[in-house]
Amino acid sequence: MSVTECDLLIVGAGPVGLYAAYYAGFRGLRTALLDSLPEAGGQVTAMYPEKPIYDIAGFPVVRGRDLVARLVEQAGRFSPAYLLADPARTLSRPPGGRIEVVTGSGALVRCDAVLISGGIGTFTPRPLPVGSQWLGRGLSYFVPALDAYAGLDVVVVGGGDSACDWALSLEPVARSVTLVHRRAVFRAHEYTVSQLMASTVEVITDAEVTAVSGRDRVSSVEITGQRHGASVRPAQAVIAALGFTANLGPIREWGIDIVSNRYIAVDTTMATSVRGVFAAGDITDYRGKVRLISVGFGEAATAVNNAAVLISPDEQLFPGHSSDAPPPAAPVAV
Amino acid sequence: MPYVIASACIDVTDKSCIEECPVDCIYEGARKLYINPGECIDCGACEPVCPVEAISQDRRVPGDQQEFVADNARFFSVPLPGRDEPPGNAGGSAETGAIGVDTELVAAWEAD
């Protein structure tokens, strides 16, 4: 079992978690970031990477993906450990010991404090309505490595960016790629769709995968369209890219006070009801809470500095000004 | 400030919004879809995918569609015709499946 030792574990690598990683680094804390998604950036990366954001202090406008890239760069100065594509499962503290968080893959993180910046919770792929029992036996919800699809007949289901990007990337690798989308209009980026239409990927719209069959593994799918009726075609791999849903998931079982089944109650130090566990960002709740990235950034700084004192009681709450401890090669303002 | 589905959805129920919603808070009546204001996180992912442009944020609902702000909420908070309990905050439409009935406003809506 993989074991990560750190001072502070941040659960949720969205904007607030990334900013907390910067602050934790500035406080000299060894930090790890854990997230169920394969990339940092949380909701911004998963749902609206191209959306312009207008209410980040100091940025009249910033694209979602650019904000995430800058936050990663800002935290990167202190080299936090990233544990991605792996959800937090359990949190416990053995008598007299440090906090232990175990992930979905079985990795153990041992730390003195936890900051939950989990936003709307753990993202899980929306299941394919038919054939979810084939998961891991030809059906998948992600494409971690293209090589695994070499020489196969692949059916990709969905109409968003992930579906279209995966279909295009698999085109030169797979024997054949078919993209099945429930509607005629794609949600994916216009340029991606035009590339797709110019490729050898067979695009079937107004159609759904209505059956998945095979013996031990998937060998064929039935596709039913509004215009052409049902047809069965060989497929050794089915990739369902139907988006994600999110909910608090296992955090509910951590013994923390939860509000309305979706938020974590915190006090003015961002401490939860469990000692050593803090929260920041959209997931917190208190009187007057406003769920915006701007507010989450402030909560991240409050949470990390209070955690720093809890971890080392001789430390001061106020971290000092960042301008008093610039990075070694700080860029000079022009 | 949740999102609201207005009259353009009636008898269309395309359901692209249900596929987009990351918290699964859009529920299916008989003739229309409804957003649960208690579960909506105001992300706006549903708005651009609606082929009939039925969805908007509650504060931007067109003047002649204002009654649907309260009607979306009513779907979840009062028992629907023929039912004993309101759907409430069910935690996801994938869990409940189609609710299968509409509010009085929608049930009595005259198709154009």
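My aim in this report is to walk through the structure given alongside it, one point at a time. (Residues numbered from 1 in each chain as written. Chains lettered and ligands numbered in written order. Predicted model: local features only at pLDDT ≥ 70, side-chain atom pairs only at ≥ 80, totals over all residues.)

**Observations regarding the overall build of chain B**
So, point 1. Regarding its fold elements, chain B presents 4 helices and 4 strands.
So, point 2. Listing each helix as α and each strand as β along chain B from the N terminus yields β-α-β-β-β-α-α-α.
So, point 3. Its C-alpha radius of gyration of 12 Å places chain B within 12% of the 13 Å reference for a compact globule of 112 residues.
So, point 4. When its C-alpha atoms are laid out on the principal axes, chain B stretches across 35 × 30 × 25 Å.
So, point 5. For chain B, the proportion of its 112 residues judged to be buried stands at 40%. (Helix = DSSP H or I, 4+ residues; strand = E, 2+ residues; numbered from the N terminus. Rg over C-alpha atoms; globule rule 2.2 N^0.38 Å. Buried ≥ 20, exposed ≤ 12 C-beta atoms within 10 Å, placed from the backbone.)

**Structural notes on the interface of chain A and chain B**
So, point 1. At the interface, 10 residues of chain A touch 12 residues of chain B.
So, point 2. The element that contributes the greatest number of residues to the side of chain A that touches chain B is strand β20 (residues 244-247) of chain A, accounting for 3 residues. (Contact = placed C-beta atoms within 7 Å.)

**Quick word on the sheet that holds strand β2 (residues 8-11) of chain A**
All names here are of chain A.
So, point 1. One open sheet holds the 5 strands; their spatial order is β6-β3-β2-β10-β23, and the pairing between them is parallel. Edge positions in the open sheet fall to β6 (81-83) and β23 (277-279), since each of these has one partner strand only. Shown here is a sheet whose adjacent strand axes are inclined to one another by a mean of 20°, direction ignored.
So, point 2. Bridge count between β2 and strand β3 (residues 31-34): 4 bridges; the pairing is parallel. Bridge pairing links Val11 to Leu34 in β3.
So, point 3. This element, helix α1 (residues 15-26), spans β2, β3 and β10 (113-116) of the sheet and lies at about 170° to β3.
So, point 4. Seen against the sheet, helix α6 (residues 293-311) touches β2, β10 and β23 and runs at an angle of roughly 165° to β10. (Pairing = 2+ DSSP bridges. Axes fitted to C-alpha atoms, helices over the stretch in contact; angles between N-to-C directions.)

**Concerning the pairing of strand β14 (residues 176-180) of chain A**
Residue and element names in this part refer to chain A.
So, point 1. Across the 5 residues of β14, 4 count as buried, placing the element largely inside the fold.
So, point 2. What joins strand β13 (residues 153-157) to β14 is helix α4 (residues 161-170), and the crossover it makes is right-handed.
So, point 3. Strand direction decides the pairing type here: β14 and strand β15 (residues 202-204), joined by 3 bridges, are parallel. Across the sheet, the residue bridging to Leu179 is Val203, located in β15.
So, point 4. Remark: the β14/helix α5 (residues 190-197)/β15 crossover connection has right-handed handedness. (Right-handed = clockwise from strand over helix to strand, strands pointing away.)

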